[in-house]
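For reference, the chains in residue letters:
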Amino acid sequence: MKRREPLTNTQLLMTIAIGIFIGMYALAMAFLGGGFLKAQQFFDILNDNSFLILLGCALTIVMIGGGINISVGGVVGLTVMACALYLNGTNIENSTLSISVTLLLALGIGLAFGIGQGFLISYMEIQPFIVTLAGMFLARGLTTMLSIYPVKVTHEGFKELVKQKLQIPFLGYIAKNGNLIPAKLEIGAIVALVMLILTWYLLKHVKLGRDIYALGGNQQSALMLGINVKRSRFLSYVISGFLSGLAGFVYLLHMPAGKADTANASEMDAIAASIIGGTLLTGGVGNVFGTFFGVLILATIKKIIVLSPLNDSWWQDMASGAMLGFFILLQSIVLSTREKRKIKAADKAALQKG
Amino acid sequence: MNAKKTRKAGGIGQLMIPLIALGVLILFNLIRDPGFFSISLSNTGVLTGNLVSVIDSASELAIIAMGMTLVTASCGGQDISVGAVGAIAGSIFVCTLQAMGRITIWSVILGIIFCIGVAIMFCCFNGTLVSVFKIQPMIATLILFSCGRSIAYWFSGSATPQLSSPIIVAMGITIPGIPVPTPIFAVVLMGILLSLVFRFTNLRLYTQSVGINQGAARLNGINPVMIKMLSFVILGVCVAIAGVIGVSRIGQIAHQTLLVEIEMDAILAVAIGGNSLGGGRFRVVGSVIGAYIIKMLTITLYAMSVAPANVKAYKAIVIILIVLAGSPVIRNRAAVLLNRFRIGKETKAAAKGVN
Amino acid sequence: MQNDTILTMRGIDKQFPGTRALSKVDFTLRKGEIHALMGENGAGKSTLIKVLTGVYEKDGGSIWLEGVEGEAHIHSPQDAQKLGIATVYQEITLCPNLTVAENMYIGRTEGQIVPWKEYEKKATALLNNLGIPARAKQELNHCSLAVQQMVAIARAVDMNCKVLILDEPTSSLDDKEVEMLFSLMRDLKSRGVGIIFVTHFLEQVYEVSDRITVLRNGELVGEYAIEDLPQVELVAKMMGKDLHDLSDLEQIGSKHKAEDEIIYEAQKISSSESKPFDFSIHKGEVNGFTGLLGSGRSESVRAIFGADRVTGGKVKMKGKEVKISKPHDAMKAGIGYLPEDRKKDGIIADLSVRENIILALQVMRGFFRPMSKAQMEAFADEYIKALNIKTASQDTLVGSLSGGNQQKVILARWLLTHPDYLILDEPTRGIDVGTKLEIQKLVLKLAAEENMSITFISSEIEEMLRTCSRLIVMRDRNIVGELTGDQLTQAQVMKTIAGGGQ
């Protein structure tokens, strides 16, 4: 007797997000045409938002564990500034080496924040919102301490790296002069996609990932089931920090300059993307692929506004706010009707048994 | 938590750590600069000094923290859209004044009523999502957080006209002849109002019941939806007042910077005040003390000539220290140590007794 | 020490701030034995078990386990699991968002990669083996509570544990499921597993156990073979009374003759959770709803109180028609309701005893008419004394009281409103024998002295037979019979529930 299991809440919410993204994109192609008909448009969305995909992963992991991390944007800002300053100040001749050190610096900053915050939240039992809020303040404060003025990367090797793009000829288009212009994917986007898959694997197939789900599902139960709750929570923040550090590096690859307000409020974008993708703030439910589509939905909305007659930054905010509201309500309604149906089904089963 | 310890309600326990933190800050300043708190009367007849500027500049934060405490207690979550809603309220205030033409006492009162109404409306939008649709407050208010300032812009447009009127100056800075900055009166007024509400209604009991156990509260005849909405309505009033103060201070509406990032400080104030961010029991006084701690810290850092942009980093460290002192782990450790000390003393005393 | 001993606990001490939960408790478990751990609420059973499973750290004493050199050190649930101690708690301690299979294996596998295929194969085999109606890939929150409990046991079974602790595993199961559980326990026993069984149901103890250890006030009373300790004596040991004090166990008071006046009358009342039914109660009458778990008895009284969404029906209070669509309406009409689930629906844990007691009365007085502090204190004082609530002070948070005292606080809350009609849904569940008796006595007294109408629901039929003069029997959400007078015998009730009555 083989029977298909009903969709879990995670799968259901993610399916809705994917469906709406495809629908939205198709509508954009049909009515706005132009750029949306080219594959490059989609790749541009990936290129522009690669750091946000990483931040989305960072948020999804902690949110599945029932926590929150609002320091990620600040960490990106700090990382970008620190890396830019390091690159400009370095006098190492070997450019590969200096770039590697930069990467290590980025990851180190992220990890340091992850470890510190994870320790305070998990072992000192302080509310994650407060800890990561303080983390955000700290990161932003340190950023301005490094430099109040914008710092443009002048390191030749790194600038070379920024220009590196993966060319995909068969998704390209023919320009007016008859030349084939291949679709281009930046290194940052590739890194983001690889990390996305790794994070998915971690959450789905690695013991730690499952422990984080259990922790978010019911912390007390997780403890009784023999899961090291504190360590799992700690590690979820460490990974989150690591991913934010990496996001900072990726940001620098996309836009090689440090500023005091780099990635301002991007933590809220990442939270919004996670929620749209079906991650619940209450924990235990969520999936990074959903988050990926959440990022795409938010980015596509903004692109559509830009190409539409309403091209104004405040319309973009309104549209993404409305989109978020729509998803939140939809999820609330879907989940509550599902809950009701489940209770009815359980009743039926009880009656049949009795 | 599950331990069979007898825990008591009430008392000053919750306020211990914020009060100590405030005390330490004051002491630190006194040691650093004995004249730090000196207050003088300026030649325009206004009190000036660091203490005055702390209390004055904390006004908006203290008022919003009051409302935030109630929302936190009843919903077990925080409203992160207060800054944005405050900007909307400020825009409405300015729009009303402009529409009325001349700025008179009556147009100002009408403007305040109008902006309170609009702020309540927006907070009720949040409240509905939270109480009826059962969405986590932080998520529900993320919507207005991300588009609220755009809505404010939509109301008032890009123009930021100057509200030049002695009435506005009186509201935002000082009333001629009275040496205390007006915003401080607003805090006192809100505090008195709120304590009257607590005194003559069951708001505290109902809010705490809903925050602790919503199902049980309902079975005892309390309507959780109404109580949550009510807390959002009160927050709406607070936000509107804060918005008006903010506008009056500079005499214009700056929808991008009015009350910017105040949501984070307000949540911090609630937490520093010893309130659980998970809802339930609350002390509004704690949050107000929290607000003054935050501002005191900022002014202290300014006085130590820390660049304004860098203040955040130091603030973060102090905040962590304060919440760390109140964290269950540290408290338990301290209790164990204290116990050991006491037992040691007792055994020593007993040994002496035998001798 | 004998050879077949698998667990020895000696001189276990555990202190909480303000109270001594365990002092010098000994406990011994042998191979292939079902050992009941008995005691009233607050006797220290849960504490002892939590010490054994590493949730709490003991303050003194030592634990030895078979196959472990020297003393066993248990500092966390993981340690306990590694040493072969498995626990099934009363509240489901699984994760609702994971699959059945995962819930069975998480937290106790080696290796960093999750072997999904293997999990599913092993889980399916085990579920079939134990006859549990669940699928390995099913998400746990799609299962009924009983099945979830069975999954928890399956997890414990699969661990090849030496010691299996069952902490009130039967409280959410119906008779059939309990029987299933017992056969599982006997099966494990024959495989040499030592089982520690904690329950409040005395009959169940005598049905499966070999030995009994009794605790009282955190101290050991004694360890007995089941055949040496008759039920009455067990109760005496638990309560710390001599046998002759217990003569009033059976005779808790006489039933009061109800008056003719009908207090509450409902026609075709229904809610989102219950089917339409007719019901009425006379002044001073004590009646009860009985039936198996899930028969709809709780849902019916919830419909009367307006606790669920009311969907229809006519209600008369003292002959006058009233509309009851939410709890507040019912309270205004003079109805009180003590809910089935004390923790979830009853107490407001972080409020003080005083606030919990005055809550319902305060709500009835209205939002704008708060009581004065002195008034609250007087009321709380009165009922703490009247119901003999054991609390350090009025300001103590109710969540830190024992279960029985929490129940009394809720009872006080409703008595304070002086209702005409009081509904008590399982007021005696999960509390100690002494308090159970007190509550039953109180019910009879209220009916006799204050002419209060009371609906009393309990899973233990003897309690209902002792207190009720009329029993409404439910099956599958329908009323299937009504018993009064001579019909009020255990046999007749059983027959009606089973469907052979009338």
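Sequence order as written defines residue numbering, which begins from 1 separately in each chain. As a convention, the first chain written is A and the first ligand written is 1, with the rest following in written order. Residue-level local features of this predicted model are given only where pLDDT is at least 70; pairs of side-chain atoms are given and counted only at 80 or more, and the full residue set underlies all totals for whole chains, interfaces and linings. The side-chain quantities take in all heavy atoms of the structure and omit both hydrogens and water.

1. Describing the overall build of chain C
In step 1: Under the DSSP-based scheme used, a helix requires at least four consecutive residues in state H or I and a strand at least two consecutive residues in state E, with every element numbered from the N terminus. Each helix and strand counted, chain C has 17 helices and 19 strands in total.
In step 2: Only C-alpha atoms enter the radius of gyration; for comparison, a globular chain is expected to reach 2.2 Å times N to the power 0.38, where N is the number of residues. The C-alpha radius of gyration of chain C comes to 24 Å, within 12% of the 23 Å expected for a compact globule of 502 residues.
In step 3: Dimensions of chain C, computed from C-alpha atoms along their principal axes, come out at roughly 75 × 50 × 45 Å.
In step 4: The buried share of chain C, reckoned over its 502 residues, is 59%.
In step 5: All accessible areas in this document rest on Shrake-Rupley with a 1.4 Å probe, and a residue is counted as covered only by the protein chains that are shown. Per element, the accessible surface of chain C, about 20,100 Å² overall, is 48% carbon and sulfur.
In step 6: Taken as two groups, the 61 positive and 70 negative side-chain charges of chain C have centres that lie 4 Å from each other. Working definition: with a 1.4 Å probe on protein chains only, accessible area under 20% of the residue-type maximum means buried, over 50% means exposed, and in between means partly exposed. The convention is simple: Lys and Arg are positive, Asp and Glu are negative, and His and the chain ends are not counted. The location of each charge is read from NZ of Lys, CZ of Arg, CG of Asp or CD of Glu.

2. Some remarks on the overall build of chain A
In step 1: In terms of regular secondary structure, chain A is built from 13 helices and four strands.
In step 2: Here chain A has a C-alpha radius of gyration of 22 Å; the compact-globule value for 354 residues is 20 Å, and the two agree.
In step 3: Principal axes of the C-alpha set define a box for chain A whose edges measure 80 × 55 × 40 Å.
In step 4: Two residues qualify as a contact provided that any one of their heavy atoms is within 4.5 Å of a heavy atom in the partner residue. Considering only residue pairs separated by 6 or more positions, chain A has 76% of its internal contacts joining residues 24 or more positions apart.
In step 5: As displayed, chain A has an accessible area near 14,600 Å², and 65% of this comes from carbon and sulfur atoms.
In step 6: Separation between the mean location of the 27 positive side-chain charges and that of the 16 negative ones in chain A comes to 11 Å.

3. Comments concerning the interface of chain C and chain A
In step 1: With 33 residues of chain C at the interface, the matching set in chain A holds 30 residues.
In step 2: Values labelled buried area give the accessible surface lost by two parts on being combined, using a 1.4 Å probe and summing over both. Note on chain C versus chain A: buried area summed over both sides is about 2,900 Å², and carbon and sulfur give 55% of it.
In step 3: When the area that chain C buries against chain A is broken down by residue, the three leading residues are Asn97(C), Trp116(C) and Arg135(C), summing to 17%.
In step 4: Note on definitions: salt bridges are taken to be side-chain nitrogens of Lys or Arg within 4 Å of carboxyl oxygens of Asp or Glu. Remark: the boundary between chain C and chain A carries one salt bridge.
In step 5: Among the salt bridges present, the one from Arg210(A) reaches Glu102(C), with a minimum N-O distance of 2.5 Å.
In step 6: By the criterion applied in these results, polar contacts are pairs of N or O atoms within 3.5 Å in which, for protein atoms, one can donate a hydrogen and the other can accept it, and in which residues neighboring in sequence qualify only through two side-chain atoms. The tally of links between chain C and chain A comes to 10 residue pairs in polar contact (both at pLDDT 80 or more).
In step 7: For the side of chain C that touches chain A, the secondary structure elements donating two or more residues are α2 (77-82), α3 (100-105) and α6 (175-190) of chain C.
In step 8: With three residues, α2(C) is the single largest residue contributor to the side of chain C that touches chain A.
In step 9: As a working rule, the residues Ala, Val, Leu, Ile, Met, Phe, Trp, Tyr, Cys and Pro are called nonpolar, Asp, Glu, Lys and Arg charged, and the rest polar, with Gly in that last group. Partitioned by chemical class, the residues of the side of chain C that touches chain A number 12 nonpolar, 12 polar and nine charged.

4. Some thoughts on empty space enclosed by the protein
In step 1: Think of a 1 Å grid over the protein atoms and nothing else: a 1.4 Å probe that fits but is trapped marks a cavity, an open set flanked by protein within 12 Å on at least five of seven lines marks a pocket, and residues with an atom within 4 Å of a point count as lining. Grid points are joined across faces, edges and corners, and a volume is the space filled by probe spheres set on the points. Summed over the entire model, instances satisfying the criterion amount to four cavities of 30 Å³ or more.
In step 2: Considered as a void within the structure, the largest cavity measures approximately 170 Å³ in volume.
In step 3: Forming the boundary of the largest cavity are 17 residues, of which Met224(A), Gln81(C), Ala86(C), Thr87(C) and Arg155(C) lie nearest the centre.
In step 4: Elements that contribute at least two residues to the lining of the largest cavity include exactly α2, β5 (85-88) and α5 (145-158) of chain C.
In step 5: Across the lining of the largest cavity, the residue classes break down as 12 nonpolar, four polar and one charged.
In step 6: Roughly 50 Å³ of volume is contained in the second largest cavity.
In step 7: Along the walls of the second largest cavity sit Glu273(C), Ser274(C), Lys275(C), Pro276(C), Phe277(C), Gly296(C), Glu299(C), Ser300(C), Met474(C), Arg477(C), Asn478(C) and Ile479(C), which together make up its complete lining.
In step 8: Only β11 (274-282), α9 (297-305) and β19 (478-484) of chain C provide two or more residues apiece to the lining of the second largest cavity.
In step 9: Counted by class, the lining of the second largest cavity contains four nonpolar, four polar and four charged residues.

5. A look at the side chain of Arg30(C)
In step 1: Examined against the element boundaries, Arg30(C) turns out to sit in strand β2 (residues 19-30).
In step 2: Polar side-chain contacts of Arg30(C) include one of 3.2 Å to the side chain of Glu223(C).

6. Concerning the interface of chain B and chain C
Size of an interface: often given as the accessible area lost when the parts come together.
In step 1: Counting from both sides, the interface comprises 29 residues of chain B and, opposite them, 44 residues of chain C.
In step 2: The contact between chain B and chain C buries some 3,000 Å² in all, and 60% of this surface belongs to carbon and sulfur atoms.
In step 3: Linking chain B with chain C are one salt bridge, by the criterion used here.
In step 4: Summed over the shared surface of chain B and chain C, the result is 10 residue pairs in polar contact (both at pLDDT 80 or more).
In step 5: Of all the elements in the fold, those that place two or more residues in the side of chain B that touches chain C are α8 (182-200), α9 (203-212), α10 (214-219) and α11 (224-250) of chain B.

7. Here's the deal with the nonpolar core
In step 1: As used in this record, nonpolar core signifies buried Ala, Val, Leu, Ile, Met, Phe, Trp, Tyr and Cys residues forming a set joined through side-chain atoms within 4.5 Å. Counting residues in each nonpolar core, the largest one holds 339 residues, and the members touching the most others are Phe129(A), Ile271(A), Leu164(C), Tyr264(C), Ile335(C) and Tyr421(C).
In step 2: Residue contributions to this core peak at 15 residues, all from helix α2 (residues 39-64) of chain A.
In step 3: Once residues within four sequence positions are removed from consideration, Tyr264(C) is found in contact with Ile269(C), Phe279(C), Ser280(C), Ile281(C), Ile304(C), Val315(C), Lys316(C), Met317(C), Ile335(C) and Tyr421(C).
In step 4: In terms of nonpolar packing, the next biggest core, distinct from the first, is built from 29 residues, Met9(C), Val25(C), Ile63(C) and Ile85(C) among them.

8. Structural notes on the pattern of salt bridges
Here the idea is simple: oppositely charged side chains can pair when their charged atoms come close.
Residues and elements named next belong to chain C.
In step 1: In total, this model carries 36 salt bridges over all chains according to the counting rule given.
In step 2: Note that Asp 210 is salt-bridged to Lys 189, the shortest N-O span being 3.1 Å. Here the residue Asp 210 occupies a position in the loop between α7 (202-208) and β8 (211-216), and Lys 189 occupies one in helix α6, the gap between them amounting to 21 residues.
In step 3: Residue classification places Lys 189 among the partly exposed positions, given a relative accessible area of 26%.
In step 4: Shared partners join several salt bridges into a network, and the residues in it are Arg 30, Glu 33, Arg 211 and Glu 223.

9. Here we look at the sheet that holds strand β15 (residues 335-338) of chain C
Residue and element names in this part refer to chain C.
In step 1: For two strands to be treated as a pair, DSSP must find at least two bridges joining them. If you walk across this open sheet you meet the six strands as β15-β16-β17-β12-β18-β19, and the pairing is mixed. One side of each edge strand has no neighbouring strand; the edge strands of this open sheet are β15 and β19. Neighbour-to-neighbour, the strand axes of the sheet open up by a mean angle of 20°, direction not taken into account.
In step 2: Alignment of strand β12 (residues 286-290) against strand β18 (residues 470-475), held across four bridges, turns out to be parallel. Within β18, the position partnered with Asn 287 by the bridge is Arg 470.
In step 3: Axis angles are defined between N-to-C directions and span 0 to 180 degrees, where every axis is a line fitted to C-alpha atoms and, for a helix, only to the segment in contact. Each of β12, β15, β16 (421-425), β17 (453-457) and β18 touches α9; the most contacted strand, β15, lies at about 145° to it.
In step 4: Docked against the sheet, helix α14 (residues 403-416) engages β15 and β16, running at close to 175° with respect to β15.

10. A closer look at the packing of aromatic side chains
In step 1: Aromatic pairing here means that ring centres of Phe, Tyr or Trp (its six-membered ring) are within 6.5 Å. Orientation follows from the plane angle: under 30 degrees is stacked, over 60 is edge-to-face, and everything else is tilted. With the rule as written, the count across this model stands at 29 aromatic pairs over all chains.
In step 2: Summarising the aromatic geometry, the rings of Phe305(C) and Tyr337(C) are spaced 5.0 Å apart at their centres and angled 35° between planes, so their arrangement reads as tilted. Remark: Tyr337(C) occurs in strand β15 and Phe305(C) occurs in helix α9; sequence separation between them is 32 residues. Per residue, the accessibility class of Phe305(C) equals that of Tyr337(C), and both read buried.
In step 3: Grouped by ring-pair contacts, the aromatic residues Phe21(A), Tyr25(A), Phe36(A), Phe42(A), Phe43(A), Phe292(A) and Phe293(A) constitute a single cluster.
In step 4: By definition, being over a ring means that NZ of Lys or CZ of Arg is both within 6 Å of the ring centre and within 35 degrees of the ring normal. Sitting above the plane of the Phe282(B) ring, Arg204(B) keeps its charged end 4.7 Å from the centroid.

11. Describing the domain arrangement of chain C
Residues and elements named next belong to chain C.
In step 1: Just so you know, the domain bounds were taken from an automatic or database domain assignment. Partitioning chain C into structural domains gives domain 1 (5-246), domain 2 (261-334 + 420-502) and domain 3 (344-418).
In step 2: Listed as interface residues are 17 residues of domain 2 and, on the opposing side, 14 residues of domain 3.
In step 3: The contact between domain 2 and domain 3 buries some 1,200 Å² in all, and 72% of this surface belongs to carbon and sulfur atoms.
In step 4: Contact with domain 3 buries area across many residues of domain 2, yet Met 331, Glu 438 and Leu 442 alone supply 34% of it, more than any other trio.

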